[in-house]
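# Summary of structural features
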Amino acid sequence: MYKKAQATATAYLFLAPFLISTLVFFFYAFARALYYSFTDFNLFNTPHLIGLRPYVDVLADPSFRRALANTLIFSISVTILQTIGSLLMAVALNNRIRGQAFFRSAWYMPSITSSVVITLIFLWLFQRRGVANYLITQFQTYLPIILSFLGILVAAQIIQVLYERSRRLPAGWFDPALAAVSALIAAGLTALLSVLGVVGARAVQPFDFQYFSDSWLSIGGVQVLSMPLLVVIIMNTFTTIPTLMLFFLAGLQNIPGALYEAADIDGATPYQKLRNVTVPMLRPVTFFVVTVSLIGTMQMFDQVAVIGSAAPQNTLITLAYYVYANTFKSGAAPVNMAAAAAIILALIILLMVFIQRRFFVTAEAQ
Amino acid sequence: MKRTALSLLALSLIAAGAQAQTTIKINGYAGQDPAIVGDLINRFVKPQLAKDNISVVYEPLQGDYNQSLTTLLAAGNAGDVFYLPAETLDTYVATNKIQPLNGLVSTTPFLKSLNTTFTRNGKVYAIAKDFNTLTLVYNKDLFDEAKVAYPNNNDTWTSLQTKLTNLKKALGNDYYGICLAPDFARMGQFAFANGWNQFDSKGKTNLQDPAFVAAFNYFTGLAKNKVGVQPSELSQDWSGGCLATGKVGVAIEGNWIVGFLKDNAPNLKYGTALIPKADKTGKRGNFLYTVGWAINSDSKNKAAAAKVLNILTSAPVQQYVLEQGLAIPSRTALQSNAYFKKTDPGAQNSLAVFQGASDGTVKGYTFGPQGPDWIKPINTALAAVLSGQKSAADALKQAQSDMNTLQKR
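If you're wondering where the values come from, they're calculated on a predicted model, not measured in any experiment.

Another aspect to go through is the overall build of chain B. Scanning chain B for helices and strands turns up 16 helices and 14 strands. Radius of gyration (C-alpha) of chain B: 24 Å, near the 22 Å computed for a compact globule of 409 residues. Overall, the C-alpha framework of chain B stretches about 95 × 50 × 35 Å when taken along its three principal axes. Here chain B holds 409 residues, and 54% of them are scored as buried. Pairs at least 24 residues apart make up 75% of the contacts formed inside chain B by residues separated by at least 6 positions. For chain B, the exposed area adds up to about 17700 Å²; of that, 52% sits on carbon and sulfur atoms. A gap of 6 Å separates the mean positions of the 40 positive and 29 negative side-chain charges of chain B.

The following block contains the structure:
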């Protein structure tokens, strides 16, 4: 009996640092936020309970509604993109290829680089005079040459395949050896044409698109996705794929090789193996990845904060940023509204994870 | 036993001595301010306060000054004396943490427009430390090459526009007349010149007011035919950077451009003119960018804090600040100062900045009770029109609707 009590005490002792920090920085903070969300607190006054008014104010605030829409769009699109991307990348890196260690580390780099640094690099890439616009301008300039190369390539390939088949040899449309020959022919002919002056670079206006501006993709007059948010979506997908890839990679190692051997014997194509063996076997990992990704993206803050006033606030504001911006102002601040928004954010995340658990996870994952 | 009692007595005496020593903590910007204020404290404050047993320390706030000051004030840890930027004055007044200075400090020696900037409902909340206004800084070489007369103090909106258009015509594609930052801080003074008020009697902002619309159209209209250029188009982040490239005739900036040009374009020959007058009213407008010294209403040593504040805004301190070329001080008496009679472009610029504070419709660069969010709808509209994404009418309509929702909160 005594021994058991001692063991329990020891366990709590070891757990204490974690428990104390959770109590103080999570439960206490959460309770305070919940309390403030029903008061008129502005950092400097004595809070008085005013019921649901802060929630009504927050829901009536257009910048909150924009933040909510931006957050949901961001979260869902990034989660889909990075789950698919990281699964494909994990499958690719799970193959026994030369230099596998190098590729695994190289692919992981974006994840260990600070998100602030990556954001600054992306800000620079997507400047009005940045690399993205430069590459598009270059593409437009050399479009005739690129098109003639591609045209000749396709034509040469078709002719070769038809010729091989006329000799009753089994030639596929994407045969790599024939494609290499076609590419050589296309490169040679394009070079000849450009020397003769038939095709050449065009003079085009520099592509002059401002990515961090108030431009939107609208559906039926409703602003859905802003250009700056699209840039952040690309950036976030790029930086988080590697981390999620690690989970999938670990999951892949646990799939018995016998299943793939059986599939090989049945004559399954790589796509069929992915669809019918890998994806179902990875279901528990996928649940974990989607949950982590949803929670992470719903709380997205750092990129928005770093881009700051470089983009119009409406185009980028997220719920986490809304909470921050309404708490840390100069002087008196609507902290009650910020607290209400934080509680709403927490409820949405809870709801999303609950729905996912209810409909997505199969018996073997639980 | 006796010895213990004696040493205890000695200890308590030392402690009492230490208690008598009052420490006044000052909060201000980081960057180069700690060096400057530290110098002022050592030269002027400490010698005068030595007999009063008051010591003074400067604690700079890193990062976003307003956020840090707000946190410190809310937690009760802010300094006894601190910088109070005019643009966030109203949001701080709402906290009841700023001590009204009426009766504590005399405001008469300071420029009237500066005192007005820090006054709300008859209470003065801060004394201007120093200030800046806007001027036209122009590249003499470009105007000479284009054979166009320099901008001068008699220019109106129209005559300046003609000069800029001629400059652009003469110099061609690689050169621009003026650098236009999409910022209310660079455009608003045109609206003031036209008689526009930031807030009506109910505290609302009207961006559809013809006086504002005309100024907005003038400012954004300067971008027509590439006479005006945004800093971002020249890979710069402000119009001072534009001017330093040598490709732009005019920048609308304050005295801070002098030090920048000295470091970044030492060979650029520049001159300064006052902001042009509105054709309609014949008056010019201007902003007062200023930071004041304020006292924490929670301070336990308000009398000592007021003493420190009085020394920091005293005539000898301001004379020193001006002569060091650090800033334009806020005392009326300094206008006859010998420094302003110098002919080098930096001193000339200082003079124009000083004159700008009392010529025409001059208002503080302040945002009202909504704080810095107030400026965003206008800046968004300016950026959209200057980059050709929206018409001025559409952009202003959107800005007004955003402003209404902001001010309804």
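So that's the structure; there's more coming.
Here the focus is the overall build of chain A. Secondary structure assignment for chain A yields 16 helices and 2 strands. For 366 residues, the compact-globule estimate of 2.2 N^0.38 gives 21 Å, and chain A exceeds it by more than 25% at 28 Å. For chain A, the proportion of its 366 residues judged to be buried stands at 36%. Long-range pairs, those at least 24 residues apart, make up 69% of the contacts in chain A with a sequence separation of at least 6. If you sum the accessible surface of chain A, you get close to 21200 Å²; carbon and sulfur atoms cover 71% of it. Side chains of chain A give 21 positive and 12 negative charges; the mean places of these two sets differ by 3 Å.

This next bit is on empty space enclosed by the protein. Scanning the entire structure with this criterion turns up 1 cavity of 30 Å³ or more. Within this model, the largest cavity holds a volume of roughly 50 Å³. Lining the largest cavity we find Asp 214 of chain A together with Pro 377, Thr 380, Ala 381, Ala 384, Lys 390, Ala 395, Gln 398, Ala 399 and Asp 402 of chain B. Mapped by element, the contributors of at least two residues to the lining of the largest cavity are helix 15 (376-386) and helix 16 (392-408) of chain B.

Here we come to the sheet that holds strand 9 (residues 228-229) of chain B. Residues and elements named next belong to chain B. On the basis of which strands lie adjacent, the open sheet formed by 5 strands has the order 9-8-10-7-11 and mixed pairing. The sheet is open, and its two borders are formed by strand 9 and strand 11 (270-273), each paired with just one other strand. Pairing of strand 8 (residues 176-179) with strand 10 (residues 248-253) involves 3 bridges; the strand directions are parallel. Across the sheet, the residue bridging to Tyr 176 is Val 248, located in strand 10. Where helix 7 (residues 157-171) meets the sheet, its contacts fall on strand 7 (135-139), strand 8 and strand 10, and the angle it forms with strand 8 comes to roughly 130 degrees.

Bringing the UniProt feature "domain: ABC transmembrane type-1" (unreviewed entry) in chain A into the picture now. When the UniProt feature table is mapped onto this chain, "domain: ABC transmembrane type-1" (unreviewed entry) is found at residues 68-356 of chain A. With 73% helix and 3% strand, the stretch residues 68-356 of chain A has end C-alpha atoms that lie 20 Å from each other.

This part is about helix 8 (residues 176-196) of chain A. Residues and elements named next belong to chain A. Spanning 21 residues, helix 8 covers 30 Å between terminal C-alpha atoms, matching the ideal 30 Å at 1.5 Å per step. Taken as a whole, helix 8 has its buried residues at Leu 178, Ser 182, Ala 186 and Thr 190. Seen from one end, helix 8 has its buried residues packed into an arc of 95 degrees, which puts them on one side. Away from its buried face by more than 90 degrees, helix 8 exposes Ala 177, Leu 184 and Val 195. Buried residues belonging to helix 8 abut helix 7 (143-166). The residue sitting at the N-terminus of helix 8 and contributing the capping side-chain oxygen is Asp 175; that oxygen lies 3.0 Å from the backbone nitrogen of Ala 177. Count one or two residues on from helix 8 and you reach Gly 197, which has phi positive near 85 degrees.

Moving on, we get to the interface of chain B and chain A. Contact residues are listed per partner, giving 24 residues for chain B and 21 residues for chain A. Buried surface at the junction of chain B and chain A, summed over both partners, amounts to about 1800 Å²; 50% is from carbon and sulfur atoms. Counting the contacts that link chain B with chain A gives 1 salt bridge. Lys 329 of chain A is the salt-bridge partner of Asp 373 of chain B, the closest N and O atoms lying 2.8 Å from each other. When residues of the side of chain B that touches chain A are traced back to their parent elements, those giving at least two are helix 3 (65-75), helix 4 (89-93) and helix 15 of chain B. If one sorts the elements of the side of chain B that touches chain A by residue count, helix 3 of chain B sits on top with 6 residues. Residue composition of the side of chain B that touches chain A, by class: 5 nonpolar, 13 polar and 6 charged.

Residue and element names in this part refer to chain A. Tracing the chain through its elements places Ile 158 in helix 7. In this structure Ile 158 comes out as partly exposed when scored by relative accessible area, which is 38%. Counting along the chain gives 20 residues from Ile 158 to Leu 178, while the straight-line C-alpha distance between them is 9.7 Å.

Turning our attention to the pattern of salt bridges. By the definition in use, this model includes 15 salt bridges over all chains. Ionic pairing is found between Lys 163 of chain B and Asp 155 of chain B, a salt bridge with its closest N-O pair at 3.0 Å. As far as the burial class goes, Lys 163 of chain B and Asp 155 of chain B line up, both buried. Sharing partners across several salt bridges, the network here consists of Lys 329 of chain A together with Asp 373 and Lys 376 of chain B.

Residues and elements named next belong to chain A. Between helix 6 (residues 131-141) and helix 7, whose axes approach to 5 Å, the crossing angle comes to 65 degrees. Between helix 6 and helix 7, the residues in contact are Phe 139, Gln 140 and Thr 141 and Leu 143, Pro 144 and Ile 146, respectively. Partitioned by chemical class, the residues of the contact of helix 6 with helix 7 number 4 nonpolar, 2 polar and no charged.

Next up on the list: helix 8 (residues 184-193) of chain B. With respect to burial, helix 8 of chain B is a largely interior element, 10 of its 10 residues being buried. One or two positions beyond helix 8 of chain B, positive phi appears at Gly 195 of chain B, with a value near 95 degrees.

A few words on the pairing of strand 10 of chain B. Residue and element names in this part refer to chain B. Most of strand 10 is tucked away, with 6 of its 6 residues classed as buried. Here strand 7 runs beside strand 10; their pairing, made up of 4 bridges, is antiparallel. Within strand 10, the residue paired with Val 137 across the bridge is Ala 251.

What follows deals with the packing of helix 1 (residues 2-36) of chain A against helix 16 (residues 335-359) of chain A. All names here are of chain A. In contact at an axis separation of 8 Å, helix 1 and helix 16 are set at 120 degrees when each is read in the N-to-C sense. With respect to each other, helix 1 and helix 16 are oriented oblique. As for the relative orientation of helix 1 and helix 16, their crossing is left-handed in sense. Seen from helix 1, the contacting residues are Phe 30, Ala 33, Leu 34 and Tyr 36; seen from helix 16, they are Asn 336, Ala 339, Ile 343 and Ala 346.

Turning our eyes to something else, we now look at the packing of aromatic side chains. Two aromatic rings are characterised by how far apart their centres lie and by the angle between their planes. Throughout the structure, instances matching the rule amount to 48 aromatic pairs over all chains. Between Tyr 365 of chain B and Phe 367 of chain B, the ring centres sit 5.1 Å apart and the planes meet at 75 degrees, which makes this aromatic pair edge-to-face. Residue classification places Phe 367 of chain B among the buried residues on the basis of a relative accessible area of 5%. Members of the aromatic cluster, connected to one another through ring pairs, are Phe 184, Phe 192, Trp 196, Phe 199, Phe 212, Phe 216, Trp 256, Phe 287, Tyr 289, Tyr 365, Phe 367 and Trp 374 of chain B. One residue, Arg 165 of chain A, lies across the ring of Trp 173 of chain A, its end atom 5.0 Å from the ring centre. Lying over the aromatic face of Phe 192 of chain B, Lys 363 of chain B brings its terminal NZ or CZ to 5.4 Å of the ring centre.

What follows covers the environment of Pro 170 of chain A. Inspection of the secondary structure assignment puts Pro 170 of chain A in the loop between helix 7 and helix 8. The exposure class assigned to Pro 170 of chain A is exposed, which follows from its relative accessible area of 78%.

Before going further, it helps to examine a nonpolar patch on the surface. Residues and elements named next belong to chain A. Together, Ile 20, Leu 23, Val 24, Phe 25, Phe 26, Phe 27, Phe 30 and Leu 34 line one region of the surface with nonpolar side chains, adding up to about 820 Å² of accessible area. For Phe 25, the location among the structural elements is in helix 1. Classification of Phe 25 as exposed rests on a relative accessible area of 68%.

Cut-off values and rules
Residues numbered from 1 in each chain as written. Chains lettered and ligands numbered in written order. Predicted model: local features only at pLDDT ≥ 70, side-chain atom pairs only at ≥ 80, totals over all residues. Heavy atoms only, no water. Helix = DSSP H or I, 4+ residues; strand = E, 2+ residues; numbered from the N terminus. Rg over C-alpha atoms; globule rule 2.2 N^0.38 Å. Buried < 20%, exposed > 50% of the residue type's maximum accessible area, 1.4 Å probe, protein only. Contact = heavy atoms within 4.5 Å. Areas by Shrake-Rupley, 256 points an atom, 1.4 Å probe, with all protein chains shown as cover. Lys, Arg positive; Asp, Glu negative; His and termini not counted. Charge placed at Lys NZ, Arg CZ, Asp CG, Glu CD. 1 Å grid on protein atoms, 1.4 Å probe; cavity = no way out; pocket = protein on both sides within 12 Å on 5 of 7 lines; lining within 4 Å. Points joined across faces, edges and corners; volume = space filled by probe spheres on them. Pairing = 2+ DSSP bridges. Axes fitted to C-alpha atoms, helices over the stretch in contact; angles between N-to-C directions. UniProt positions renumbered as here; feature names shortened; annotations may be inferred. Expected span 1.5 Å × (residues − 1). Arc of directions from axis to C-beta. Polar contact = N/O pair within 3.5 Å; in protein donor to acceptor, adjacent residues only side chain to side chain. Buried area = accessible area lost by both parts, 1.4 Å probe. Salt bridge = Lys/Arg side-chain N within 4 Å of Asp/Glu carboxyl O. Nonpolar A, V, L, I, M, F, W, Y, C, P; charged D, E, K, R; others polar. Parallel < 35°, antiparallel > 145°, perpendicular 65-115°, else oblique. Left-handed = near helix turned anticlockwise from the far one by under 90°. Phe/Tyr/Trp six-rings, centres within 6.5 Å; stacked < 30°, edge-to-face > 60°. Lys NZ or Arg CZ within 6 Å of the ring centre and 35° of its normal. Patch = residues over 30% accessible without salt bridge, like charges linked within 9 Å, V, L, I, M, F, W, Y side chains within 5 Å.

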